[in-house]
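As a plain string of letters, each chain reads:
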Amino acid sequence: WRGGSAPDPAALAIPRRESESDESTRPTSVNYHFTRQCNYKCGFCFHTAKTSFVLPLDEAKRGLEMLKEAGMEKINFSGGEPFLHDRGEFLGKLVQFCKQELKLPSVSIVSNGSLIRERWFKKYGEYLDILAISCDSFDEDVNVLIGRGQGKKSHVENLHKLRQWCHEYAVAFKINSVINRFNLEEDMNEQIKALNPVRWKVFQCLLIEGENSGEDALREAEKFVISDKEFEQFLDRHQGVSCLVPESNQKMRDSYLILDEYMRFLNCRNGRKEPSKSILDVGVEAAIKYSGFDEKMFLKRGGKYVWSKADMKLDW
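Let me sum up the structure you'll find in this document. (Residues numbered from 1 in each chain as written. Predicted model: local features only at pLDDT ≥ 70, side-chain atom pairs only at ≥ 80, totals over all residues. Heavy atoms only, no water.)

A tally of regular secondary structure across the protein chain gives 11 helices and 10 strands. Radius of gyration (C-alpha) of the protein chain: 19 Å, near the 20 Å computed for a compact globule of 316 residues. When burial is assessed residue by residue, the protein chain has 56% of its 316 residues classed as buried. Sequence-distant contacts in the protein chain: of pairs separated by 6 or more residues, those separated by 24 or more amount to 76%. Carbon together with sulfur atoms contributes 46% to the accessible area of the protein chain, which is approximately 14500 Å² in total. Each charge class in the protein chain can be summarised by its mean position, and for the 47 positive and 48 negative side chains these summaries are 3 Å apart. (Helix = DSSP H or I, 4+ residues; strand = E, 2+ residues; numbered from the N terminus. Rg over C-alpha atoms; globule rule 2.2 N^0.38 Å. Buried < 20%, exposed > 50% of the residue type's maximum accessible area, 1.4 Å probe, protein only. Contact = heavy atoms within 4.5 Å. Areas by Shrake-Rupley, 256 points an atom, 1.4 Å probe, with all protein chains shown as cover. Lys, Arg positive; Asp, Glu negative; His and termini not counted. Charge placed at Lys NZ, Arg CZ, Asp CG, Glu CD.)

Burial within strand 6 (residues 199-204) is extensive, with 6 of its 6 residues counted as buried. Taking every second residue as pointing to the same face, both faces of strand 6 are buried, with Arg199, Lys201 and Phe203 on one and Trp200, Val202 and Gln204 on the other. Looking at chain direction, strand 5 (residues 172-179) and strand 6 are connected through 6 bridges and run parallel. Counted as the bridge partner of Ile175 is Trp200 from strand 6. At this point the chain moves from strand 5, through helix 6 (residues 189-195), to the parallel strand 6, and the crossover so formed is right-handed. Relative to strand 7 (residues 244-247), strand 6 is paired through 4 bridges, and the arrangement is parallel. Considered in strand 7, the bridge of Trp200 is made with Leu244. Crossover connection from strand 6 via helix 7 (residues 228-237) to parallel strand 7: handedness right-handed. (Pairing = 2+ DSSP bridges. Right-handed = clockwise from strand over helix to strand, strands pointing away.)

Considering all chains together, one arrives at 14 salt bridges under this definition. Taking the shortest distance from any N to any O, the salt bridge between Lys304 and Glu73 comes out at 3.6 Å. On the criterion of sequence distance, the pair formed by Lys304 in the segment after helix 11 (295-300) and Glu73 in the loop between helix 1 (57-69) and strand 2 (74-78) is long-range, its members being 231 residues apart. Since its relative accessible area comes to 43%, Lys304 is described here as partly exposed. Between Lys123 and Glu89 there is a salt bridge, and its shortest N-O distance comes to 3.0 Å. Here Glu89 lies in helix 2 (residues 89-101) and Lys123 lies in helix 3 (residues 118-124), a separation of 34 residues in the sequence. Glu89 gets classed as partly exposed once you look at its relative accessible area, which sits at 23%. One connected set of salt bridges, linked through shared partners, spans Arg26, Glu73 and Lys304. (Salt bridge = Lys/Arg side-chain N within 4 Å of Asp/Glu carboxyl O.)

Right, let's get into the pairing of strand 2. Among the 5 residues that make up strand 2, 5 are buried, leaving the element largely enclosed by the rest of the structure. Bridge count for strand 1 (residues 29-33) against strand 2 is 5 bridges, and the pairing is parallel. Bridging from a neighbouring strand, His33 pairs with Ser78 of strand 2. Running through helix 1, the crossover from strand 1 to the neighbouring parallel element strand 2 is right-handed. Both strand 2 and strand 3 (residues 106-111) contribute to a ladder of 4 bridges, which runs parallel. Bridge pairing in strand 3 links Phe77 to Ile109. Crossover strand 2 to strand 3 through helix 2 is right-handed.

With that out of the way, let us pick up the nonpolar core. Judged by nonpolar contacts, the single largest core of 68 residues is most densely connected at Tyr32, Leu64, Ile75, Phe77 and Trp200. Looking at this core, the element that brings in the most residues is helix 2, giving 6 residues. With residues up to four places along the chain from it excluded, the contact list for Phe77 reads Tyr32, Phe34, Leu64, Pro82, Leu91, Leu94, Val95, Cys98, Val107, Ser108, Ile109 and Val110. (Core = buried A, V, L, I, M, F, W, Y, C linked by side-chain atoms within 4.5 Å.)

Our focus in this paragraph is the side chain of Asn180. Here Asn180 shows up in the loop between strand 5 and helix 6. Judged by relative accessible area, which is 0%, Asn180 ranks as buried. At a separation of 2.9 Å, a polar atom in the side chain of Asn180 contacts the main-chain amide nitrogen of Phe182. (Polar contact = N/O pair within 3.5 Å; in protein donor to acceptor, adjacent residues only side chain to side chain.)

Before going further, it helps to examine the packing of aromatic side chains. Each aromatic ring pair is described using two quantities: the centre-to-centre distance and the angle formed by the ring planes. Within the structure shown, the criterion is met by 15 aromatic pairs. Residues Phe53 and Tyr262 carry aromatic rings whose centres are separated by 4.6 Å and whose planes lie at 25° to one another, so their mutual orientation is stacked. Residue Phe53 is located in the loop between strand 1 and helix 1, and its partner Tyr262 is located in the loop between strand 8 (257-259) and strand 9 (264-267); the two are separated by 209 residues in the primary sequence. We note that Phe53, like Tyr262, is buried. (Phe/Tyr/Trp six-rings, centres within 6.5 Å; stacked < 30°, edge-to-face > 60°.)

Moving on, we come to helix 2. Given a rise of 1.5 Å per residue, 13 residues ought to cover 18 Å, and the 17 Å separating the end C-alpha atoms of helix 2 matches this to within 8%. What helix 2 keeps buried is the set Phe90, Leu91, Gly92, Leu94, Val95, Phe97 and Cys98. Looking at the packing, one finds that the buried side of helix 2 touches strand 1, helix 1, strand 2, strand 3 and helix 3. Just downstream of helix 2, Lys103 is the residue with a positive phi angle, here 55°. (Expected span 1.5 Å × (residues − 1).)

Now the structure itself:
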C-alpha cells in the first residue's frame, strides 16, 4: 500500500459474487467517496464514518487518471461530507484536476452544503459542472429529527444561498432528497419549483448492513424505512415537478459504481458493501469485475444524461 496507513488486509480481500462476466465494464460514471467523516448525523446514512482515512492528494489523482484511461466520463465526489477535509481545498484541487488536466465532461459534488463558502466558488467554481445539495425537508424541525440540524443555523436558508451562488458562478444546481418515515407526508412541490434545480433526485431510504443496519453498524436506520407503496405515493404527489428523478431501492442498489476512501469498488448486491481490491494496487479492470455494477439498470434509471454544463441550456 502506497501513501498512507495500510488498511486491514482482510478488508482488502476480493469478495465472491453471484456471477462474473468476462466482459470488461467501462467506469463511465463513478462516485468517489474519498472521506467518511461528516459534520451531520443523519440517522439513515449508509456511508458512515467507519474510518478517518483520506488518500494523499497525489495518490487520489493517480487513481482518477487510471479511471479516465479506463473510460470514465463523469466523476462525482461525495462522502461523508466532502467539504470537511482541509476546508474544501482537497476537494477543490481534485475538481480542478479532473476538469483541467483530465478534461472530464462532467465533474460533480454531493454535499450537505453546510461548509461551503463563496470563496470556494470563486476559486474552483469554473471547474465544477454540478453541485448537488442534500435536502430532505423544508421543515427545520424535521431536519433536526433526521440529523441535519446545526443549532441555530437553518439548513433551508443555506440551501437558497447556495442556489444563488450556483447561479452567479455558473454551476448547475441539483437537490437530493431521501424519503423516509419523517418526511413521507411532506408536500415539497412549491419549494422545489421555486429553487428550480436541474434535477431533483428522490431516493427511497435504503438499509445497508454494516453501515446503517446490523450489529456492526454505526447507525440504526430501521425507524426511517418506508415501504415501496409509500414511496410511490410520495412520487405520485410530486409528479408535477418536471425535474423529479425517482430512485427506488431496486434501482439504486446495483446501479452505481462506488469507490471508497481506499479506491476500492463497493459491491452492494448482498445488502452489504463488499470491497474489491484497490484500483491503485490491481488496476481498474481487475477491480471493477467485483463491483456488482448493473450497467443496464444504470441506463434504465437515467444514469446517463446531459451532465456537462457546457451542454446545458441554462440561464445562469
